[in-house]
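# Coordinate inspection notes
For reference, the chains in residue letters:
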Amino acid sequence: PIESAQAGDIVAFAGLPDISIGNTICDPSKVQPLPFVKINDPTVEMTFSVNDSPFAGKEGKYVTSRQIRDRLMRELLKDVALKVEDSATNDSFRVMGRGEMHLSILIETMRREGYELQVSPPHVLTHEENGKVMEPMERVVIDVPEIYQGNVMTALGARKAILMNMQMMNSRSRIEFRMPSRGLFGYRSQFLTDTHGEGIMNTIFDGYAPYRGEIQMKYTGSLIASESGETTRYGLYNTQDRGQLFVGPQTQVYEGMIVGENPKYDDIAVNPCKTKHLTAIRSSGADEKLLLTPPRIFSLEEAIEYIGDDDLIEVTPKSIRLRKKILNTELRMKEMMKKRRELEAQKK
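Here the residue numbers are simple positions, counted from 1 along each chain's written sequence. This being a predicted model, a pLDDT of at least 70 is required before a residue's local features are given, and a value of 80 or more before pairs of side-chain atoms are given or counted; all residues contribute to the totals for chains, interfaces and linings. Only hydrogens and water are set aside when side-chain values are computed; all heavy atoms of the structure are taken into account.

### With respect to the packing of aromatic side chains
Think of it this way: a Phe, Tyr or Trp ring, Trp meaning its six-membered ring, pairs with another when their centres are within 6.5 Å, and the plane angle makes it stacked under 30 degrees, edge-to-face over 60, tilted otherwise. A full pass over the atoms with the stated rule returns seven aromatic pairs. Between F246 and F298, the aromatic rings sit 4.7 Å apart at their centres with planes inclined by 90°, giving edge-to-face as the arrangement. Taken together, the positions of F246 in the loop between strand 13 (244-245) and strand 14 (252-253) and F298 in the loop between strand 16 (268-270) and helix 6 (300-306) put the pair 52 residues apart, joining distant regions of the chain. Comparing F246 with F298, the two get one shared label, buried. Secondary structure elements follow DSSP: runs of H or I no shorter than four residues count as helices, runs of E no shorter than two count as strands, and numbering proceeds from the N terminus. Here's how the labels work: a residue is buried when its accessible area is under 20% of the maximum for its type, exposed when over 50%, partly exposed in between, all with a 1.4 Å probe on protein chains only.

Okay, structure coming up:
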């Protein structure tokens, strides 16, 4: 405890009610508030909602909409770049921030505190200006070994990036792009792969520009569980021929949960819980000889990058599960066919 402090000292105040970031503490005889530093508007939004999967409430301590809402409101007191709005339903909230990482940190913090929820894919926040739709842009600076320069330029070119500057420094290249913020969704993992982990990428918000058209982010489909139960080695062995697995044996899954990736664009319904019928010749011990490829386990950031528009992430203190918005296989197929017919009609 101290009675006074000089300019440059770092001090802490306790017991002051009703204060927020940006307030100025003054001498009562000379009230002169400092100008508030402008905080850039949010550029990305995600929908936080109550978990409604078949496993809802089994792993989290705080699971209701009221508890999630109270936690988000508390976050607003210390995070001035965050915005929270009620959504169309009572069980969901629009959470807006300064990027994927900003929101993923909040989700991970809530998860560690015992909250259970589900989140949607990130979407950029656009606005209209002079009759044109404007979207947020990023200035991207990449340092990469020269041999991987072509991989980076090809990938970002497909994501509507415009090359602004390029410099050679010994055996490395420094490349500067300006591109839509949404073009970076899902790119960081690909960037690490394309540069063999040797690339460095930095981004910063760079204003708004007219909408640059659709960007195809995902070129693969999903393997989706067609029934609920516990995965078996036999079921996964037959499933892995379709693509990369996301779950291992003896894992609880439910209908509509994403259990793997399909190299083709369409989703495929699979049954990883399938068991082998035992006969006098075949025994259960034979399953031990079935070799499984190790599953790909997602971190929260990787899951946010991976999911598509019709997917959700179920986040609990113990698990991160990828799932479809529509869990029922038959209803999901009907919705998919309906969208295809609408796209074909638009093309005509």
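### Focus: the pairing of strand 17 (residues 311-315)
Counting buried positions along strand 17 yields five of five residues, so the element is predominantly enclosed. Because side chains alternate across strand 17, one face comprises the buried residues D311, I313 and V315, and the other comprises L312 and E314, equally buried. Each pair of strands is called paired provided DSSP finds at least two bridges between the two strands. When strand 17 meets strand 18 (residues 320-324), the two strands line up antiparallel, connected through five bridges. Across the sheet, D311 pairs through a bridge with K324, a residue of strand 18.

### Here's the deal with helix 4 (residues 187-194)
Turning to helix 4, its buried residues are Y187, F191 and D194. All buried residues of helix 4 project into a common sector of 70° when viewed along the axis, lining one side. Should any heavy atoms of two residues lie within 4.5 Å, those residues are counted as being in contact. Contacts made by the buried residues of helix 4 are with strand 7 (132-145), helix 3 (149-157) and strand 10 (200-210). H196 occupies a position one or two residues after helix 4 and carries a positive phi of about 55°. Throughout, the arc means the angular range of directions from the helix axis out to the C-beta atoms.

### Describing the packing of helix 3 against helix 4
With their axes 10 Å apart at the nearest point, helix 3 and helix 4 run at an angle of 160° to one another. Classified by the angle between their axes, helix 3 and helix 4 sit roughly antiparallel to one another. Remark: the crossing between helix 3 and helix 4 carries right-handed chirality. Judged by residue contacts, N151, V152, A155 and L156 of helix 3 engage Y187, Q190, F191 and D194 from helix 4. Its residues assigned to classes, the contact of helix 3 with helix 4 shows five nonpolar, two polar and one charged. Fitting a line to C-alpha atoms yields each axis, with helices limited to the stretch in contact; the angle taken between N-to-C directions then spans 0 to 180 degrees. In what follows, roughly perpendicular refers to angles from 65 to 115 degrees, roughly parallel to angles under 35, roughly antiparallel to angles over 145, and oblique to any angle outside these ranges. Each crossing gets its handedness from the near helix: less than a right angle anticlockwise from the far helix is left-handed, clockwise is right-handed. Residues were grouped as follows: Ala, Val, Leu, Ile, Met, Phe, Trp, Tyr, Cys and Pro as nonpolar; Asp, Glu, Lys and Arg as charged; and all remaining residues, including Gly, as polar.

### Thoughts on helix 7 (residues 329-347)
Helix span, expected: 1.5 Å multiplied by one less than the number of residues in the helix. In this model, helix 7 (19 residues) spans 27 Å end to end at C-alpha, consistent with the 27 Å of a helix rising 1.5 Å per residue. We call two N or O atoms a polar contact when they sit within 3.5 Å, provided that within protein one can donate a hydrogen and the other can accept it, with sequence-adjacent residues counted only if both atoms are side-chain atoms. Between a side-chain oxygen at the N-terminus of helix 7 and the backbone nitrogen of E330 the separation is 3.1 Å; the capping residue is N328.

### Details of the packing of helix 1 (residues 65-76) against helix 2 (residues 100-112)
For the pair helix 1 and helix 2, interaxial distance at closest approach is 12 Å and the crossing angle is 125°. When the interaxial angle is binned, helix 1 and helix 2 end up oblique. For helix 1 against helix 2, the interelement crossing comes out right-handed. Across from I68, R71, L72 and E75 in helix 1, the residues of helix 2 making contact are L106, T109 and M110. Tallied by class, the residues present in the contact of helix 1 with helix 2 amount to four nonpolar, one polar and two charged.

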